[in-house]
Amino acid sequence: MSKPFDVGLERLTGRAPDPEMVLGVTVGQRGTFFLETFGCQMNDHDSEKVAGLLHARGYQQVDTPEAASLILYNTCSIREKAAQKVFSRLGEYREKQGEGKVIGVLGCVAQQEGEDIFKRAPWVSLVCGSASYSKLPGMLAQLEAGNQRVTGLDTDTDETFETEVTRRDNPWRAYLTIIEGCDKACTYCVVPFTRGPERSRASDAILREVRQLAELGYSEVQLLGQTVNSYADPTARRMRFSELLLAVAEVRGIRRVRFTTSHPSDFTPDIVKAIEGEPKICDHVHLPVQSGSTRVLRAMQRTYSREEYLEKIALMRGANKPIGITTDIIVGFPGETESEFEETLSLLEEVRYDSMFSFKYSPRPNTPSLSMSDSVSEEEKSRRLAVLQDKQREIQAAKNARLVGEQFEVLVSGKSRRENQWSGYTTSHRMINFASQERELLGTYVQVRVTGAGPNSLAGEHAV
Ligand code: SAM
Ligand code: SF4
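## A short note on the site of ligand 1
- Inspection of the region around ligand 1 gives 15 residues, with Gln226, Pro288, Gln290, Asp328 and Ser362 positioned closest.
- Between ligand 1 and the protein, one listed contact pairs an oxygen atom with a side-chain N or O atom of Asp328 at 2.6 Å.
- Within the backbone of Ser362, one N or O atom sits 2.8 Å away from a nitrogen atom of ligand 1.
- In isolation ligand 1 exposes 560 Å². Once the protein is present, 92% of that is buried.
- Looking at the shell around ligand 1, the elements that each hand over two or more residues are strand 15 (324-331) and strand 16 (355-360).
- When the residues that make up the shell around ligand 1 are grouped by side-chain class, the tally is six nonpolar, four polar and five charged.

## Some details on the site of ligand 2
- Every residue lining ligand 2 is accounted for by Cys182, Lys184, Ala185, Cys186, Tyr188, Cys189, Val191, Pro192, Gln226, Thr227, His263 and Arg302.
- Of the residues in the shell around ligand 2, the class split is seven nonpolar, three polar and two charged.

## Things to note about the side chain of Lys312
- Position of Lys312 relative to the elements: it lies in helix 12 (residues 306-317).
- One buried charged residue, Lys312, remains without a salt bridge, the closest side chain of opposite sign being Glu311 at 6.3 Å.
- For Lys312, the side chain forms a polar contact with the main-chain oxygen of Phe267, separated by 3.0 Å.
- Those residues in contact with Lys312 that sit more than four places away from it in its chain are Pro264, Ser265, Phe267 and Leu287.

## Describing the packing of helix 13 (residues 338-351) against helix 14 (residues 378-401)
- Orientation of helix 13 relative to helix 14, taken along the N-to-C sense of each, is 15°, at an axis distance of 10 Å. One element, helix 13, and the other, helix 14, form an angle in the roughly parallel class. Helix 14 is crossed by helix 13, and the crossing has right-handed handedness. Listed contacts from helix 14 to Glu338, Phe341, Thr344, Leu345, Leu348 and Glu349 of helix 13 are Glu380, Arg383, Arg384, Val387, Leu388, Lys391, Gln392 and Ile395.
- Its residues assigned to classes, the contact of helix 13 with helix 14 comprises six nonpolar, two polar and six charged.

## Considering helix 8 (residues 203-215)
- With 13 residues, helix 8 extends 18 Å from end C-alpha to end C-alpha; this agrees with the ideal 18 Å at 1.5 Å per step.
- Along helix 8, the residues classified as buried are Ser203, Ala205, Ile206, Leu207, Glu209, Val210, Leu213 and Ala214.
- Next to the buried residues of helix 8 lie strand 9 (173-177), strand 12 (220-224) and helix 9 (241-250).
- Just beyond helix 8, the residue with positive phi is Gly217, at close to 105°.

## Focus on the nonpolar core
- Among the nonpolar cores identified, the biggest contains 66 residues, and Ile178, Leu223, Leu244, Phe259 and Met316 are the most heavily contacted of them.
- With six residues, helix 9 is the single largest residue contributor to this core.
- Once residues lying within four places of it in the same chain are set aside, the contact partners of Leu244 are Ile178, Ser203, Ile206, Leu207, Leu223, Tyr231 and Met239.
- Judged by nonpolar contacts, the second largest core, of 23 residues, contains Ala83, Val86, Ala121 and Trp123.

## Brief notes about the packing of helix 9 against helix 10 (residues 269-277)
- The N-to-C vectors of helix 9 and helix 10 enclose an angle of 15°; their axes lie 8 Å apart at closest approach. Taken together, the axes of helix 9 and helix 10 lie roughly parallel to each other. The handedness of the crossing between helix 9 and helix 10 is right-handed. For the pair helix 9 and helix 10, contact is made by Phe241, Ser242, Leu245 and Leu246 and by Asp270, Ile271 and Ala274, respectively.
- Here the residues of the contact of helix 9 with helix 10 sort into five nonpolar, one polar and one charged.

Definitions and cut-offs
- Residues numbered from 1 in each chain as written.
- Chains lettered and ligands numbered in written order.
- Predicted model: local features only at pLDDT ≥ 70, side-chain atom pairs only at ≥ 80, totals over all residues.
- Heavy atoms only, no water.
- Near = heavy atom within 4 Å.
- Polar contact = N/O pair within 3.5 Å; in protein donor to acceptor, adjacent residues only side chain to side chain.
- Areas by Shrake-Rupley, 256 points an atom, 1.4 Å probe, with all protein chains shown as cover.
- Helix = DSSP H or I, 4+ residues; strand = E, 2+ residues; numbered from the N terminus.
- Nonpolar A, V, L, I, M, F, W, Y, C, P; charged D, E, K, R; others polar.
- Buried < 20%, exposed > 50% of the residue type's maximum accessible area, 1.4 Å probe, protein only.
- Lys, Arg positive; Asp, Glu negative; His and termini not counted.
- Salt bridge = Lys/Arg side-chain N within 4 Å of Asp/Glu carboxyl O.
- Contact = heavy atoms within 4.5 Å.
- Axes fitted to C-alpha atoms, helices over the stretch in contact; angles between N-to-C directions.
- Parallel < 35°, antiparallel > 145°, perpendicular 65-115°, else oblique.
- Left-handed = near helix turned anticlockwise from the far one by under 90°.
- Expected span 1.5 Å × (residues − 1).
- Core = buried A, V, L, I, M, F, W, Y, C linked by side-chain atoms within 4.5 Å.

Take a look at the structure:
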């Protein structure tokens, strides 16, 4: 969804605002844009960058497609349903082109479908994959000059997507991409095709941006990458990922450093040591396992076995403080037998994750698993998904119940419509709703005592 948060240009650029001019162009002079985002945090963050870029070109963001002259969809194609959603949304705006609006498709569906989008949805004028966003200004200029159709579909670019202004949606937590693309080649996944090969950003550029963010008042940064811990510093410093985490944590003003998503094969002991030794590095690791069966993991080309994955979990369980562990799981991968699915259930019992994202396997274009027969029926996939989710719900309910009476530091990020009710996240990424008589808490760090627990969140009260 497009985000209603308007944090103001001075926060985005760090410059004193000239109410009329942005980078030489009057705000709103070129028109208005509506940007809807589907998919993951990487897409959310890409949208923040695209919004910053458009704003710098004089476009103004609006909350509805009706109010916009430029309608953009930043799309996700990770599962078939996600891609279908994009085309049905595009269908809804078919008639808008007739009203003189320009419609553009960005992101993974754009990269995957390319110019075919013009055939399927001829009312679309712009198609741009994530590796080409830096070319967006030029593409918009072509449209402004009267071109009917423009595309940006390169994935072999060396440049990681850096923009001068990023229009961040949350005024306290900033996303920051440190590695783009993916070299892992899991057999079910479109990401290597839609986001291209792995490219790491220079450590000095990352740290410079973190310092700017801290000066702008952001206290939490979340380092992003499809395999964030595969980070390979291209500069002579050759910073390891764990060293980068520590360097980010050292920046004055930064109180929390998060990172996602970690790939198990590159999850090394020094990362756990960094979490143990530096309180600002959050006690949370998202470590997708995908399956509990080594046979299925091999077929997925996940590059680790069940046992090797459990060794990574043991590293974290052996840390000198509790680390929240979350995961992604796919059920119904081609050939997954009932007993292999049960291995995934037993893995859930063994690890006892704090939270899980779970999906039915979805065959995707270009992926190697497409040629494996999609042998598990849709009904069986749904059944397995429901069994898996029930088990995880039980685990979460039991784990959360044990937290009642404990106290956590929370970064307050939400205010309920109900009076005196607030919400935020603990360092281990547990969501907590709590009561406080304070008048303004947004963006502050407070101590909260847990008074109640459900499977998905905690309830508490401000401990003063
Ligand atoms: N790079 C991350 C990783 O390796 O775990 C996550 C990438 S993807 C955006 C997020 C999740 O979507 C994956 O972890 C996987 O569980 C799921 N996923 C990816 N491709 C899928 C497919 N074809 N069918 C079902 N789920 C899929
Ligand atoms: Fe996709 Fe695998 Fe890369 Fe994750 S590691 S983005 S699942 S190919």
